[in-house]
Amino acid sequence: MTRAPAAWLQIALLGGLVLAGCGGPAAGPTDATARAARAEVQHGALALQRYGCGACHRIPGIAGADGVVGPPLVDMARRVYIRRGLANTPQNMVRWIRAPQAVAPLSAMPDMHVTPADAQAMAAYLHRSE
Amino acid sequence: MRTLLILAALAVVAALSGAWFVYSGLYNLSATQQHTAPVYWLLNVAMRQAVKHHAQDIRVPPLLDPALIDSGRRLYRAHCAACHGAPGIAPDAFALGLMPVPANLALTAREWKNPAELFWVAKYGIKMSGMPAWEFRLAEVELWAVVAFVGTLPALSPLEYRVAIAGDDDVKTSIVPVTIDASAAGGDAVRGQVALQQYACVSCHVIPGVVGAASPVGPSLARIGSRKYLAGILPNTREAMVEWLRAPQRVAPGTAMPDLGVSVRDAQDIAAYLGTLR
């Protein structure tokens, strides 16, 4: 019986510390990472627009991207496969965007000479959590 | 007026407690724990009544032809015995873990007086029971053959069954339909929508208009009817869609989309439905 209040006190204290940590100004590094991730996603949206992906694909969040030549890029974060059984990982998405014919010869998707940085950003946009 | 208010309040309380119970997750959905007795009774009555109701207008053909019963036994052994067992033969291991456990059809055949009810269950299956629909796997005449054989189960001894199957060839089970009625012309979009479910398309694709098709394993089929290319390589014509549906592994080697043994008619029906998604 005597130990119980101490345990409760500890939990309350711990909870208070956690809350203080969340609200406090001490969260520098995670903040910077989040900012960088947001910038990457924004870069991706811009890249998807500039390379004209929307001419063939419907891409939610990209103005004017309502093409029906290829499949719609909806819910890509949850997709299991990209194409030809290629698992939907960020690396594979970059690979596919940069060299579609290397994955699926004869694919109608053209090689748009996407730079590695742009492809990476596009993948970040498509895989962003909403 | 006051009674009405009290009734309305009670209805709200009942709805809220129902919602709370569902979201609490307290009801045990495991397959090792049977439903509570009242729930079991309710589901059983609902199932029995639904089968009776839906089978009432089905015309039963003559079922006593020995050749028909014979072919029914082969089909039963190939497609039914794994779950339902046979006289003196246990179901397969996986079937013993099913909940509800598959019925012993010797008893069902004796107690369900109308063979059309067995036919209906075999053809359309029963939701959430483990009983699959065979509509897209077996032809009508084959379904009736199975019903004819099941009708003999109550009087079939284990020894007789053993003797009967001794002469049979080894049975192979396969997803490829044995003989689906191929004479019917394809292109029926309504039937195609049912076929999408029966070929498990819904387990990998989001398909507008199909409840439960919400799984993004492969690409969404939204507006597939307006799409220029299939699988990134085939121009999207009706013929190309049929070809793709029937042999994805040949069209795009390495694709995760499996060959599902889709018949020409079923592929044409599915293509017709997908064509409406514009």
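Being a predicted model, the structure only gives us computed values, none of them experimental.

Caption draft 1: Quick peek at the overall build of chain A. The helix and strand inventory of chain A stands at five helices and zero strands. Taken over 130 residues, chain A has a buried fraction of 32%. For chain A, the share of sequence-separated contacts (at least 6 apart) that also reach a separation of at least 24 residues comes to 39%. Of the roughly 8100 Å² of accessible surface on chain A, a fraction of 65% belongs to carbon and sulfur atoms.

Caption draft 2: Up close: the environment of Tyr40 of chain B. All names here are of chain B. For Tyr40, the location among the structural elements is in helix α2 (residues 37-55). Its relative accessible area of 39% is what places Tyr40 among the partly exposed residues. Sequence-wise, Tyr40 and Pro100 are 60 residues apart; in three dimensions their C-alpha atoms are separated by 9.8 Å. In this structure Tyr40 touches Gln34 and His35, once residues within four positions along its chain are discounted.

Caption draft 3: Representation of the confidence of the model for chain A. All names here are of chain A. Mean pLDDT over chain A works out to 86, with 78% of the residues at or above the 70 mark. Across chain A, the secondary-structure element scoring lowest on mean pLDDT is helix α1 (residues 3-23), at 51, and the one scoring highest is helix α5 (residues 116-126), at 98. Every residue in residues 17-24 is under pLDDT 50, and counting partners more than four places away or in other chains gives zero contacts.

Caption draft 4: Region of interest: the interface of chain B and chain A. On the chain A side, the residues contacting the 21 residues of chain B number 19 residues. Taking both partners together, chain B and chain A bury about 1700 Å²; carbon and sulfur atoms supply 61% of that area. Interface area lost by chain B to chain A is led by Pro216, Val217 and Arg227 of chain B, which between them contribute 29%. For the pair chain B and chain A, the number of links is zero salt bridges. At the boundary of chain B and chain A, one finds nine residue pairs in polar contact (both at pLDDT 80 or more).

Caption draft 5: Highlighting the environment of Ala77 of chain A. Residues and elements named next belong to chain A. Tracing the backbone shows Ala77 in the loop between α2 (28-50) and α3 (90-98). The partly exposed category is assigned to Ala77, whose relative accessible area is 43%. For Ala77, the residues in contact, after removing those within four places along its chain, are Leu126, His127 and Arg128.

Caption draft 6: Region of the structure containing the packing of helix α11 (residues 238-246) of chain B against helix α13 (residues 264-275) of chain B. All names here are of chain B. Relative to each other, α11 and α13 sit at 125°, their axes nearing to 9 Å. Comparing their axes, α13 and α11 come out oblique. Here the hand of the crossing between α11 and α13 comes out right-handed. For the pair formed by α11 and α13, the contact residues are Arg238, Met241, Val242, Leu245 and Arg246 on the first element and Val264, Ala267, Gln268, Ile270, Ala271, Ala272 and Leu274 on the second. When grouped by side-chain class, the residues that make up the contact of α11 with α13 number nine nonpolar, one polar and two charged.

Thresholds applied
- Residues numbered from 1 in each chain as written.
- Chains lettered and ligands numbered in written order.
- Predicted model: local features only at pLDDT ≥ 70, side-chain atom pairs only at ≥ 80, totals over all residues.
- Heavy atoms only, no water.
- Helix = DSSP H or I, 4+ residues; strand = E, 2+ residues; numbered from the N terminus.
- Buried < 20%, exposed > 50% of the residue type's maximum accessible area, 1.4 Å probe, protein only.
- Contact = heavy atoms within 4.5 Å.
- Areas by Shrake-Rupley, 256 points an atom, 1.4 Å probe, with all protein chains shown as cover.
- pLDDT = per-residue confidence, 0-100.
- Buried area = accessible area lost by both parts, 1.4 Å probe.
- Salt bridge = Lys/Arg side-chain N within 4 Å of Asp/Glu carboxyl O.
- Polar contact = N/O pair within 3.5 Å; in protein donor to acceptor, adjacent residues only side chain to side chain.
- Axes fitted to C-alpha atoms, helices over the stretch in contact; angles between N-to-C directions.
- Parallel < 35°, antiparallel > 145°, perpendicular 65-115°, else oblique.
- Left-handed = near helix turned anticlockwise from the far one by under 90°.
- Nonpolar A, V, L, I, M, F, W, Y, C, P; charged D, E, K, R; others polar.

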